[in-house]
Amino acid sequence: MRAFCVLLLLGLATWLCCPIDRPLLAQTSGAEKPFQSLSVEERLEMLAQSSLARDDEGKITSANLRGETDLLWMCLAAFLVFAMQAGFACVEIGFTRAKNAANILMKNLLDFCMGSLLFWAIGFGLMFGKSNGLFGTTHFFFHGETSYDWGFLIFQTVFCATAATIVSGAVAERIHFHAYLIYSAVISALTYPIFGSWVWGSAYHGTSWLADMGFHDFAGSTVVHSIGGWAALAGALVLGPRLGKYRGGRVVPIPGHNIPLAGLGVFILWLGWFGFNPGSTLSVGGGHFAYVAVTTNFAASAGALGALFVSWVWFKKPDPSFALNGALAGLVAITAGCDVIPAPYSILTGAVAGAIVVISAVLLDRSGLDDPVGAVSVHGVCGVWGTLAVGLFAGETGLLASGSVHSLLVQLLGVVVAFLWSFLTSLVLFLGMKYTVGLRVDRETELRGLDLTEHGLLAYPEQFVVETGPTEVIGNLGK
């Protein structure tokens, strides 16, 4: 009997507290029918009337539903792209040494934090404001008037943070933390937004002189990845190689300390790319985002296989680090044309990118450029290939389909402009810091690791911080 009374009280409380049954019931049928007894059609109608906006006649319109759905899709895509920050952090930490893991985590954290605020205050206006022909002049300290405005802001913010964080891997293990923060601020507020306005500015209130010429970069092989990759090249050149990387004209490998962590990072990035590329449709209309997701996935898979094959033939072993970077190379390459390149050609685009990233990484390494994670090769070089692939393979305007080189030449122009803008501005920035506030840490700091010297802690217990570099130069963690 006691159990029966308890159940009765619980049922009464549920009825009294329920915000749906009684009010919605009156809207749909006017009868005192319990919600559970309604048909499926009646329940859907009830829920729809409770949640959707109505027109002047009180009717729910398809436009209202479409707008809300598009906004939801754009925000969900932005959340996926945000997760790429975790992926970049894992890849960079895994491919570098344990004594610098906390420093790398801090750089990836601050990229997003500074990027979010500076892009809102300055970058968004430069990229999407009313343009003077070169950059936007309105919408600083952006204040949206509609929900779509805020959704567009968060979507573009995570793209800006992606461009900024690419550089972190190329300058890892030897750059002052304060210098990195200055770089991150400049690329988020100026370098990325100004070039972005030349390609994507017309997506809001600006103009896009490169896009007006026919330059096509759907989700940012050049706008995001090559801009970040060429800034990374400038940073690595000015900093110079890590201690012990080159000896007697010979390249000395400095292995990463956690390849499984790097692998996890690649999978997180792969997942995030399903927001990066399909999300750039900014709409669910027609379901084209599904096609974009397929070409994105094809290119990543082919990229991993292409890099695996080339590295296996070249080095006689199937190297996991090259296969992982091959997947990223394929993703970067397809980002420009994922909406217009036919699916079979997306496989070719990814496979070629996988081969390119191995060749590029090895050649740059042998030339004296120390890029611990291969950021220049993955994002800069493969971003170029992907952008040119649009001019070759695009379904209507590409060279193979149309027989015309116009699209390829316009894509080449965009690639050159991006290189000159990002590399030269970043070179000036890094050189300026080198001779003013300081850029590279001193020898003792680098030998001990940036975790202890820059942040006063280790990412792991001390007994697990094992040196994976050239120990005859570095000694016992520099102590």
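Report follows, based on the coordinates. Note that the structure is predicted; figures quoted are calculated from it, not measured. (Residues numbered from 1 in each chain as written. Predicted model: local features only at pLDDT ≥ 70, side-chain atom pairs only at ≥ 80, totals over all residues. Heavy atoms only, no water.)

## So, the overall build of the protein
Next, step 1: The helix and strand tally for the protein stands at 19 helices and two strands.
Next, step 2: Counting the 479 residues in the protein, one finds 51% classified as buried.
Next, step 3: Partitioning the intrachain contacts of the protein with sequence separation of at least 6 by distance along the chain shows that 75% fall at a separation of at least 24.
Next, step 4: Total accessible area on the protein is roughly 20,600 Å²; 69% of this is exposed by carbon and sulfur atoms. (Helix = DSSP H or I, 4+ residues; strand = E, 2+ residues; numbered from the N terminus. Buried < 20%, exposed > 50% of the residue type's maximum accessible area, 1.4 Å probe, protein only. Contact = heavy atoms within 4.5 Å. Areas by Shrake-Rupley, 256 points an atom, 1.4 Å probe, with all protein chains shown as cover.)

## Points about the packing of aromatic side chains
Next, step 1: For the coordinates displayed, the defined rule picks out 29 aromatic pairs.
Next, step 2: Judged by centre distance (6.0 Å) and plane angle (85 degrees), the rings of F119 and F124 are edge-to-face.
Next, step 3: Aromatic side chains F159 and F276 sit 4.2 Å apart centroid to centroid with 15 degrees between the ring planes, which places their arrangement in the stacked category. Here F159, found in helix α6 (residues 147-170), pairs with F276, found in helix α10 (residues 259-276); they are 117 residues apart in sequence, far enough to count as distant.
Next, step 4: With a relative accessible area of 1%, F159 lands in the buried category.
Next, step 5: In this structure an aromatic cluster arises from ring pairing among F119, F124, F128, F142, Y148, W150, F152, Y192 and Y204. (Phe/Tyr/Trp six-rings, centres within 6.5 Å; stacked < 30°, edge-to-face > 60°.)

## Thoughts on the side chain of N108
Next, step 1: Relative to the helices and strands, N108 is located in helix α5 (residues 101-128).
Next, step 2: Reaching out from N108, the side chain makes a polar contact with the backbone oxygen of I104 at a distance of 2.9 Å.
Next, step 3: If we skip the residues at most four places from it in the chain, N108 touches Q85, F88, A89, E92, T165 and S168. (Polar contact = N/O pair within 3.5 Å; in protein donor to acceptor, adjacent residues only side chain to side chain.)

## So, unusual backbone geometry
Next, step 1: Here the phi dihedral of E173 falls at roughly 75 degrees; this positive angle occurs in a residue that is not glycine.
Next, step 2: For E173, the location among the structural elements is in the loop between α6 and α7 (177-200).
Next, step 3: For L282, which is not glycine, the phi torsion reads 60 degrees and is therefore positive.
Next, step 4: Position of L282 relative to the elements: it lies in the loop between α10 and α11 (288-315).

## Overview of the packing of α10 against helix α12 (residues 320-334)
Next, step 1: Two numbers describe how α10 lies on α12: the axes approach to 10 Å, and their chain directions differ by 15 degrees. Relative to α12, α10 is oriented roughly parallel. The hand of the α10/α12 crossing is left-handed. Here α10 contributes I259, A262, G263, V266, L269, W270 and W273 to the contact with α12, which in turn contributes P320, L324, A327, L328, L331 and V332.
Next, step 2: Partitioned by chemical class, the residues of the contact of α10 with α12 number 12 nonpolar, one polar and no charged. (Axes fitted to C-alpha atoms, helices over the stretch in contact; angles between N-to-C directions. Parallel < 35°, antiparallel > 145°, perpendicular 65-115°, else oblique. Left-handed = near helix turned anticlockwise from the far one by under 90°. Nonpolar A, V, L, I, M, F, W, Y, C, P; charged D, E, K, R; others polar.)

## What about α11?
The α-helix winds at 3.6 residues per turn, so residues separated by three or four positions along the chain end up facing the same way.
Next, step 1: Under the 1.5 Å per step criterion, the end-to-end length of α11 is 41 Å for 28 residues, consistent within 8% with the ideal 40 Å.
Next, step 2: One or two positions beyond α11, positive phi appears at K316, with a value near 65 degrees. (Expected span 1.5 Å × (residues − 1).)

## Here's the deal with the pattern of salt bridges
Any two side chains of opposite charge can pair, so long as their charged atoms come close to each other.
Next, step 1: One pass over the structure, following the stated rule, counts nine salt bridges.
Next, step 2: D365 is the salt-bridge partner of K245, the closest N and O atoms lying 3.3 Å from each other. You can see K245 sitting in the loop between α9 (221-239) and β1 (246-247) and its partner D365 sitting in helix α13 (residues 343-367), a full 120 residues away along the chain.
Next, step 3: With a relative accessible area of 6%, K245 lands in the buried category.
Next, step 4: Residue D365 is classed as partly exposed on the basis of its relative accessible area of 21%.
Next, step 5: If you follow the salt bridges from partner to partner, you end up with R97, K99, E173, R242, D370 and E467 in one network. (Salt bridge = Lys/Arg side-chain N within 4 Å of Asp/Glu carboxyl O.)

## Side note on the side chain of S184
Next, step 1: Counting through the fold element by element, S184 comes out in helix α7.
Next, step 2: Only 2.8 Å separates the side chain of S184 from the side chain of D111, close enough to count as a polar contact.
Next, step 3: Setting aside residues no more than four positions away along its own chain, S184 makes contact with L110, D111 and A164.

## As for empty space enclosed by the protein
Next, step 1: Summed over the entire model, instances satisfying the criterion amount to one cavity of 30 Å³ or more.
Next, step 2: For the largest cavity, the calculated volume is near 140 Å³.
Next, step 3: Around the largest cavity, the lining is made up of 15 residues, and of these F88, V91, V373, A375 and H379 lie nearest the centre.
Next, step 4: For the lining of the largest cavity, the elements supplying multiple residues, two or more each, are α4 (62-95), α6, α12 and α14 (375-393).
Next, step 5: Taken together, the residues of the lining of the largest cavity break down into eight nonpolar, six polar and one charged. (1 Å grid on protein atoms, 1.4 Å probe; cavity = no way out; pocket = protein on both sides within 12 Å on 5 of 7 lines; lining within 4 Å. Points joined across faces, edges and corners; volume = space filled by probe spheres on them.)

## Some remarks on the layout of surface pockets
Next, step 1: Looking at the largest pocket, its volume works out to about 790 Å³.
Next, step 2: By residue number, the principal contributor to the lining of the largest pocket is α13, which donates five residues.
Next, step 3: Looking at the lining of the largest pocket residue by residue, the class counts come to 15 nonpolar, five polar and seven charged.
Next, step 4: Looking at the second largest pocket, its volume works out to about 210 Å³.
Next, step 5: Residue lining of the second largest pocket: 13 residues in total, with W200, A203, D217, F218 and S280 positioned closest to the centre.
Next, step 6: Among the secondary structure elements, those contributing two or more residues to the lining of the second largest pocket are α6 and α7.

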